[in-house]
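If you want the building blocks of each chain, they are given just below.
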Amino acid sequence: GAEETQRVLDALDYRADSVPETKTALVGAYFLIALETAMRIGEICALTSNDILLSQNYCIIRDSKNGDCRHVPLSKAAVEVFKRVLQSGLTVDAETAGALFRKYCKRAEIADLHFHDTRHESLTRLARKLDVLDLARMVGHRDPKSLMIYYNATASEIASRLD
């Protein structure tokens, strides 16, 4: 939840109102980006400034887990974080980012949290906003059926969207 997210960000010394100045703080930014986009740590770390098209609100994953290139839409929050990431000029590889994430979660006494958990959390959030075909395109799933576990709306919630 929000409290655990803030504990992770505090441990990584990430500040929402400033440009990351360390690789550790950069991992905090990547953590937020992952929560907003459902991107994997390797995908985020592989991005170059040419792949992040902030004026058009998307980034390009050139080599995803399934080998496909995909365009990932960015929320306003993701755009803001990416602006600060680009200003920092810092980079970190996926292996180092993962190690830093684990180290600082442990330091914050947050047990059993893995960077990849952001994907499930993000998919759950995005399923409330996007239809399954758009979600599949955004996160790179070829079979939308695999995403149906994230769609748990009640009949009343669905009814509220009809009008």
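In what follows, the accompanying structure is described. (Residues numbered from 1 in each chain as written. Predicted model: local features only at pLDDT ≥ 70, side-chain atom pairs only at ≥ 80, totals over all residues. Heavy atoms only, no water.)

Here the structure, examined in full by the defined rule, presents nine salt bridges. Between Arg 70 and Glu 43 there is a salt bridge, and its shortest N-O distance comes to 3.1 Å. Residue Arg 70 is located in strand 3 (residues 70-73), and its partner Glu 43 is located in helix 3 (residues 41-46); the two are separated by 27 residues in the primary sequence. On the basis of relative accessibility, which here comes to 6%, the residue Arg 70 falls in the buried class. Given the relative accessible area of 6%, Glu 43 is considered buried. Note that Asp 68 and Arg 142 form a salt bridge whose closest N and O atoms lie 2.9 Å from each other. On the criterion of sequence distance, the pair formed by Asp 68 in the loop between strand 2 (58-61) and strand 3 and Arg 142 in the loop between helix 7 (132-139) and helix 8 (155-162) is long-range, its members being 74 residues apart. Owing to a relative accessible area of 60%, Arg 142 belongs among the exposed residues under this scheme. (Salt bridge = Lys/Arg side-chain N within 4 Å of Asp/Glu carboxyl O. Helix = DSSP H or I, 4+ residues; strand = E, 2+ residues; numbered from the N terminus. Buried < 20%, exposed > 50% of the residue type's maximum accessible area, 1.4 Å probe, protein only.)

Bringing the pairing of strand 3 into the picture now. Here strand 3 shows a buried face lined by Arg 70 and Val 72 and an unburied face lined by His 71 and Pro 73. The sheet contact formed by strand 2 and strand 3 spans four bridges and is antiparallel. Along strand 3, the bridge assignment pairs Ile 60 with His 71. (Pairing = 2+ DSSP bridges.)

Here we come to the packing of helix 2 (residues 23-37) against helix 4 (residues 76-88). It is the contact of helix 2 with helix 4, at a shortest axis distance of 9 Å, that shows an interaxial angle of 155°. The pairing of helix 2 with helix 4 is recorded here as roughly antiparallel in orientation. Crossing geometry of helix 2 relative to helix 4 is assigned as left-handed. Of the residues in helix 4, those in contact with Leu 26, Ala 29, Tyr 30, Leu 32, Ile 33, Glu 36 and Thr 37 of helix 2 are Ala 77, Ala 78, Val 81, Phe 82, Val 85 and Ser 88. (Axes fitted to C-alpha atoms, helices over the stretch in contact; angles between N-to-C directions. Parallel < 35°, antiparallel > 145°, perpendicular 65-115°, else oblique. Left-handed = near helix turned anticlockwise from the far one by under 90°. Contact = heavy atoms within 4.5 Å.)

Moving on: the sheet that holds strand 3. The strands that make up a sheet pair up through hydrogen bonds in the backbone, lying either parallel or antiparallel. Pairing in this open sheet of three strands is antiparallel, and the strands run 1-2-3 from one edge to the other. Looking at which strands have only one partner, the edges of the open sheet turn out to be strand 1 (52-53) and strand 3. Bridge analysis of strand 1 against strand 2 gives two bridges, and the strand direction is antiparallel. Paired with Ile 52 across the two strands is Cys 59, which belongs to strand 2.

Below, the discussion takes up helix 1 (residues 2-11). Listed as buried for helix 1 are Thr 5, Val 8 and Leu 9. Buried residues of helix 1, seen end-on, are gathered within an arc of 95° and therefore sit on one face of the element. Each element contacted by the buried residues of helix 1 is listed here: helix 2 and helix 5 (94-107). Note on helix 1: the residue one or two positions beyond its end, Asp 13, has a positive phi of about 60°. (Arc of directions from axis to C-beta.)

Any functional reading would require information that these geometric values do not contain.
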